[in-house]
Amino acid sequence: MNSGRGRVGLLAGLLLTAACVEPSRTTSGQWIGDIPHPGGAERMEVSIDSGGRSATISVPGRRLDQAVAVSAPAGSDSLGFTVVVDGDTTRFRGTVHESVWSGEAVRRVETNRVVLRRLRPLADREWKAIVGTYRTEDGRLLSIAPFSEFGSTPLLVSYGTGRIGPLYPIARDRFLVGHALISPIYPADTIELTYGPAMDVRELRFAERDHPAVVARRLATRDEAVQFANGSVTLHGTLTLPAGPPPYPALVLVHGSNALTRDVFGPWWRYFAGLGFAVLAYDKRGTGQSTGDWKQADFPTLAGDVLAGVRSLAARHDIRADRIGLWGASQAGWILPLVAAQAPREIAFLVVHAGTGTTVREQGVLNVQHELRFAGLPESAVAIGTRYQMLDDSVTRAGSGWDVLQRYYETHRAEATWLWPPTPADDSFRSYYRMLMDFDPTESWKRVTCPALFFFGELDANVPPRESWPPIEGALRVGGNPSVTHAVLPKANHLFLEAQTGARDEYPGLSRFVPGYFDTMARWLRAQAP
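Draft legend 1. Broad picture of the overall build of the protein. Secondary structure summary: the protein contains twelve helices and 25 strands in total. Relative to the compact-globule value of 24 Å for 530 residues, the protein shows a C-alpha radius of gyration of 25 Å, a close match. A total of 530 residues make up the protein; the buried ones form 53% of that total. Contacts spanning at least 24 positions in sequence make up 60% of the contacts within the protein whose residues lie at least 6 apart. Just so you have it, the protein exposes about 23,100 Å², and 51% of that area is on carbon and sulfur atoms. Of the charged side chains in the protein, 55 are positive and 55 negative, and the gap between their average positions amounts to 3 Å.

And the structure:
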């Protein structure tokens, strides 16, 4: 028992034997599957050691995080275990055949069928060998790439259908593609890889439910480690050069908020390379291999990092210096206009994914309001959340008023159970936020003259389009920019994944980007770099 893991009381027994082979040969390794329940399914992971004598169990939805299980003998080729959480017992029992555990989960009077698959572990070099961009004979693009918003496991993206899902290796050349980003895993799609004589990946075959299987050959893109400097800070990244002869048009990818490395760009990075662009993705200052500290950097400083990346590309003979553009998401919407306004002759075009024209403080209030509405809460709750956020902002700006904020929290926490405890007045995050909260991007947008493509999501709680676009539109009109394209994508959330409500708790079960997003970008980008 380990009460330190989410205050969960656990009794877990693992039962395993095999008929004609050692237990470890039949049951050891990592197993993954779903636990069905009336509202859907939860991902379940079981890891059994090489001796077959101990295991850990993780079910995030039930607050189990690598909980330790103890083994005991059972029947032939069987695998079973019991988990008790806060007095609630779930028993799993089933049989193992060809790396598939088939059985049932029994909880109280409810019985559900459960299937677990044993995964084949891949070394880092094996994962890296399959990352890249793939193209079908009729020109459709797919990619395998990390997307750190959803963990370190690479994902498959089929840009034609929008399908995105994590990869689970069941053989060196065969993978399950999870039904959703987190859970459920099943029903899963599959990909099969074909290797060349040097064990290099030549092509993949993707079998997606309700779609004909497609075969895509790997493109001969090239990844190059690069670094560039902004003052005393050194930024490290990867420059991906597309297939075909140089010189290439280029895109520099610009981060959203918080500590983000180059891996947050995976799906976009590989897509743009497939369109024929050189793509620079780098670790934000203070993350990955880059020096500096993003928590000490205001937007002009981050814009300086971006411009340093642009200039490092412009100095190369294999890059078209007159065709370097920027793509950025979320917080990047405050940074992109700064760069384009500062260096109008160096930035050829902009693609803005969910960037707002409001101040940072205004965006924070709008975010709270829309999160609560998308969660289905009444307007009385929205009023409570709005007032609380505004009091919190007052504490950040003035450094005083925390007692008022705390009293408001204590008064409303019983009826508004979703309220978050107030951050201490001297918390370091308040210093960071104070530096940004009143930044207004419209002055910079007035000075942006290059072509710009703006995307917003209909169900984006972070950057709601009705409030976020008009300030940008007005500023661009004042500045006289004639080359502006604006689109609001139906059912799109903040990442432009196809959603139903836009609520935060939808993300684990989402499985595709909204229709039209990538195709619209491709057509527009080709027009900017003929």
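Draft legend 2. Region of the structure containing the confidence of the model for the protein. For the protein, the average pLDDT comes to 89, and 91% of its residues sit at 70 or higher. A low-confidence stretch, residues 1-24 (pLDDT under 50), is modelled with 76 contacts involving residues beyond four sequence positions or located in other chains. Segment residues 70-75 is flagged for pLDDT under 50; beyond a separation of four residues in sequence, or across chains, it makes 16 contacts in the model.

Draft legend 3. Just the sheet that holds strand β21 (residues 278-282), in detail. Read from one edge to the other, the open sheet built from eight strands follows the order β18-β19-β21-β20-β22-β23-β24-β25, with strand pairing classed as mixed. What marks the edges here is a single partner per strand, and that holds for β18 (222-230) and β25 (484-489). Going from strand to strand, the sheet's axes swing by 20 degrees on average, the running direction of each strand aside. Relative to the sheet, helix α4 (residues 299-314) contacts β18, β19 (233-241), β20 (248-254), β21 and β22 (319-329), its axis offset from that of β18 by approximately 125 degrees.

Draft legend 4. Quick look at the layout of surface pockets. Approximately 480 Å³ is the volume found for the second largest pocket. If you trace the second largest pocket, you find 19 residues lining it, with W127, K128, V131, P146 and D263 closest to the centre. Of all the secondary-structure elements, those providing two or more residues to the lining of the second largest pocket are α2 (124-130) and α3 (266-274). Considered class by class, the residues forming the lining of the second largest pocket number seven nonpolar, six polar and six charged.

Draft legend 5. The sheet that holds strand β12 (residues 155-158), seen in detail. Taken in spatial order, the eight strands line up as β10-β11-β12-β13-β14-β15-β16-β17 and close into a barrel, and their pairing is antiparallel. If you compare each strand with its neighbour and ignore which way they point, the axes differ by 30 degrees on average. In this sheet, strand β11 (residues 141-145) lies alongside strand β10 (residues 132-136) in antiparallel orientation, the contact comprising four bridges. Along β11, the bridge assignment pairs T133 with S143. Its contacts with the sheet place α3 against β10, β11, β12 and β13 (163-171), and it is angled at close to 140 degrees to β11.

Draft legend 6. Structural view of the packing of α4 against helix α5 (residues 332-342). Where α4 meets α5, the closest approach of the two axes is 9 Å, and the angle between their N-to-C directions is 65 degrees. Pair α4 / α5 crosses with right-handed handedness. Judged by residue contacts, F299, P300, L302, A303, V306 and L307 of α4 engage W334, I335, L338, V339 and Q342 from α5. When the residues that make up the contact of α4 with α5 are grouped by side-chain class, the tally is ten nonpolar, one polar and no charged.

Draft legend 7. Spatial organisation of the pattern of salt bridges. In this structure the tally under the stated criterion is 27 salt bridges. Across the salt bridge formed by D283 and R262, the nearest N and O atoms sit 2.8 Å from each other. Taken together, the residues span a long stretch of sequence, with D283 in the loop between β21 and α4 and R262 in the loop between β20 and α3 at a distance of 21 residues. Judged by its relative accessible area of 3%, D283 falls in the buried class. Accessibility expressed as a relative area gives 12% for R262, which makes it buried. Across the salt bridge formed by R285 and D305, the nearest N and O atoms sit 2.8 Å from each other. Of the two residues, R285 is situated in the loop between β21 and α4 and D305 in helix α4; the sequence distance between them amounts to 20 residues.

Draft legend 8. Fine view of the pairing of strand β24 (residues 452-457). In terms of burial, β24 is a largely internal element, six of the six residues being buried. With burial as the criterion, each face of β24 is covered, one bearing A452, F454 and F456 and the other bearing L453, F455 and G457. The sheet contact formed by β24 and β25 spans six bridges and is parallel. Of the residues in β25, the one forming a bridge with F455 is A487. For the crossover from β24 across helix α11 (residues 465-479) to β25, the handedness is right-handed.

Draft legend 9. Quick look at the packing of aromatic side chains. Applying the stated rule across the entire model yields 32 aromatic pairs. Where Y388 meets Y408, the ring centres are 6.2 Å apart and the plane angle is 20 degrees; that geometry is what we call stacked. One end of the pair, Y388, is in helix α7 (residues 379-398); the other, Y408, is in helix α8 (residues 402-412), with 20 residues separating them in the sequence. Under the relative-accessibility criterion, Y388 is labelled buried at 0%. With centroids separated by 5.0 Å and ring planes inclined at 90 degrees, the aromatic side chains of F496 and Y517 adopt a geometry described as edge-to-face. Remark: Y517 occurs in helix α12 (residues 517-528) and F496 occurs in the loop between β25 and α12; sequence separation between them is 21 residues. Here the two residues F496 and Y517 agree in accessibility, since each one is buried.

Draft legend 10. Helix α6 (residues 360-374), seen in detail. With 15 residues, α6 extends 21 Å from end C-alpha to end C-alpha; this agrees with the ideal 21 Å at 1.5 Å per step. The element α6 is largely enclosed, with a buried count of twelve among its 15 residues. Along α6, the residues that are buried comprise V360, Q363, G364, V365, L366, N367, V368, Q369, H370, E371, L372 and F374. Contacts made by the buried residues of α6 are with α4, α5, α7, α9 (428-436) and α11.

Draft legend 11. The pairing of β10, seen in detail. Of all five residues in β10, four are buried, a share of seventy percent or more. The hairpin turn running from β10 into β11, its antiparallel successor, is four residues long, and G139 in that turn takes a positive phi close to 95 degrees. When β10 meets strand β17 (residues 214-218), the two strands line up antiparallel, connected through three bridges. Its bridge partner being in β17, Y134 is matched across the sheet by R218.

Draft legend 12. The arrangement of empty space enclosed by the protein in detail. Here the structure, examined in full by the defined rule, presents one cavity of 30 Å³ or more. Empty space within the largest cavity amounts to approximately 60 Å³. Every residue lining the largest cavity is listed: V254, H255, G256, Y282, K284, L302, D305, V306, Q331 and I335. When the residues that make up the lining of the largest cavity are grouped by side-chain class, the tally is five nonpolar, three polar and two charged.

Draft legend 13. Spotlight on the side chain of R163. Relative to the elements of secondary structure, R163 occurs in strand β13. Polar side-chain contacts of R163 include one of 2.7 Å to the backbone oxygen of G178. In this view, R163 contacts L156, V157, S158, V177, G178, H179, D189, F206, E208, R209, S511 and R512; residues no more than four positions away in its chain are not counted.

The rules we used
Residues numbered from 1 in each chain as written. Predicted model: local features only at pLDDT ≥ 70, side-chain atom pairs only at ≥ 80, totals over all residues. Heavy atoms only, no water. Helix = DSSP H or I, 4+ residues; strand = E, 2+ residues; numbered from the N terminus. Rg over C-alpha atoms; globule rule 2.2 N^0.38 Å. Buried < 20%, exposed > 50% of the residue type's maximum accessible area, 1.4 Å probe, protein only. Contact = heavy atoms within 4.5 Å. Areas by Shrake-Rupley, 256 points an atom, 1.4 Å probe, with all protein chains shown as cover. Lys, Arg positive; Asp, Glu negative; His and termini not counted. Charge placed at Lys NZ, Arg CZ, Asp CG, Glu CD. pLDDT = per-residue confidence, 0-100. Pairing = 2+ DSSP bridges. Axes fitted to C-alpha atoms, helices over the stretch in contact; angles between N-to-C directions. 1 Å grid on protein atoms, 1.4 Å probe; cavity = no way out; pocket = protein on both sides within 12 Å on 5 of 7 lines; lining within 4 Å. Points joined across faces, edges and corners; volume = space filled by probe spheres on them. Nonpolar A, V, L, I, M, F, W, Y, C, P; charged D, E, K, R; others polar. Left-handed = near helix turned anticlockwise from the far one by under 90°. Salt bridge = Lys/Arg side-chain N within 4 Å of Asp/Glu carboxyl O. Right-handed = clockwise from strand over helix to strand, strands pointing away. Phe/Tyr/Trp six-rings, centres within 6.5 Å; stacked < 30°, edge-to-face > 60°. Expected span 1.5 Å × (residues − 1). Polar contact = N/O pair within 3.5 Å; in protein donor to acceptor, adjacent residues only side chain to side chain.

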